[in-house]
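# Secondary and tertiary structure notes
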Amino acid sequence: AVPRRRGTPTVFVGQANAGMMHRRVFEAFVWLAVGTLLTYRLAALTKAPGGRRLLACLPAMLACTFLPIYSWKGWETLTSKLLVLTIWGWWANFKLMAFSCGRGPLDPRKGAAAFVATVWLPVNVADAETTGGNSTPKRRISEVKKPASANELWKNGTMKVVSLYTLLYLVEHRYLSGHVTLLAYVLMLYAFLGAVLDTVALAAVYGGGLKVLPHFNQPYLSHSLADFWGRRWNMMTANLLKVVVYSPIVEGSFVRTLPLKGNGSPARVAMAVCATFVVSGIMHEIVYVSAVGHTHFEWFMFFAAQGPLLLLEKAMQGRTKNGGMERNKWFQPVVAQCILLSLGIKLFVQPAVRDGFVEQVQQDIIAGLHIGRPGS
């Protein structure tokens, strides 16, 4: 059909806009590739962590920050937008910040491909030194947790996809109601994040030959708040927060210095724990505002409250050990799970449901999994 002279047909306008948005996504990733490779070349020339390495990381950090902003309208779903914001705007920048001060998983000595893959992909690289390329030998992350095998990633990813599909079907067809639905949203968050991150980790194992650590370690079996946040829930984010926020405060230096002098004073540890969760709350609030356009700071309050609760838990553990309280073996896990669920539903899930955040993400996933809606 020949377009009319006056005015442009709507279909042509739509196609032009779609093409422009896709071009913005492509351009953003081109700049990300250029920035990351430039940082790799500059980092190879700056052996010692500190100000010069931070300057070397600026091209990649600017590109990671620029990517979600410039390409935001180019993504069709809210879920894809938020994943881009989280993976590159948050996690990749934290990896680069950690690397600039001699911490974290990045190591230019392993080659450009491994360096770029570690920056870009939301994975825990099991054989990366936490010194981020420092020459001083020290404990590796792989000594803390055994790397996940491809079979393990396949199994865990498949189970999470099946669980996510089942929960979405039950919620969408209204088989659940009330607080049971809110609990289902908590389980869906775990299943969705686990499925996405396990899939990326599997691609890193097969495509890049990387050894990766699990992202989740049965968080429903946590026996304390410290166990949940430190060893079971989204461990890649926990590791990044540790090397960017916690460790510099405990050590009293942004740049890692070896050997370490003890584990830090109790005051430093308490301040580091609280600061870690405050930073986590700020980053989650950025994601929330990007999704709904406003905030009442419930997500920030949820994470900020975890620091004092962890310190209180540690103090209570000291008392029960001194008193020989045997019931603590079963009492503490119950209390920890109740605190996490009650605060999580009140300050994390309910605000997201109220502001339509959950509904938008839910519909994106339903479309992706081809779950039929009632009456369709």
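Below: a short report on this structure. Since we're looking at a predicted model, the values are computed, not measured.

### Brief notes about the pattern of salt bridges
Scanning the model with the defined rule gives eight salt bridges in all. Arg-231 is the partner of Asp-227 in a salt bridge, and the nearest nitrogen-oxygen pair spans 3.1 Å. Taken together, the residues Asp-227 and Arg-231, both in helix α7 (residues 225-231) and four residues apart, mark about one turn of the helix. In this structure, Arg-232 engages Asp-227 in a salt bridge whose closest nitrogen and oxygen atoms are separated by 2.7 Å.

### Remarks on the nonpolar core
Ranked by internal contacts, the top residues of the largest apolar core, which has 75 residues, are Trp-88, Leu-96, Trp-229 and Phe-357. At 13 residues, the largest contribution of residues to this core is made by helix α3 (residues 78-100). For Trp-229, the residues in contact, after removing those within four places along its chain, are Ala-238, Phe-277, Phe-302, Phe-303, Gln-306 and Leu-340. Residues Val-123, Leu-153, Val-200 and Leu-202 belong to the second largest nonpolar core, which totals 14 residues.

### Considerations on the packing of α3 against helix α8 (residues 235-251)
At a closest axis distance of 9 Å, the pairing of α3 and α8 adopts a crossing angle of 40 degrees. Taken together, α3 and α8 sit at an angle that is classed as oblique. Handedness of the crossing formed by α3 with α8: left-handed. Listed contacts from α8 to Trp-90, Trp-91, Phe-94, Lys-95, Met-97 and Ala-98 of α3 are Met-236, Thr-237, Leu-240, Leu-241, Val-243 and Val-244.

Criteria and thresholds
- Residues numbered from 1 in each chain as written.
- Predicted model: local features only at pLDDT ≥ 70, side-chain atom pairs only at ≥ 80, totals over all residues.
- Heavy atoms only, no water.
- Salt bridge = Lys/Arg side-chain N within 4 Å of Asp/Glu carboxyl O.
- Helix = DSSP H or I, 4+ residues; strand = E, 2+ residues; numbered from the N terminus.
- Core = buried A, V, L, I, M, F, W, Y, C linked by side-chain atoms within 4.5 Å.
- Buried < 20%, exposed > 50% of the residue type's maximum accessible area, 1.4 Å probe, protein only.
- Contact = heavy atoms within 4.5 Å.
- Axes fitted to C-alpha atoms, helices over the stretch in contact; angles between N-to-C directions.
- Parallel < 35°, antiparallel > 145°, perpendicular 65-115°, else oblique.
- Left-handed = near helix turned anticlockwise from the far one by under 90°.

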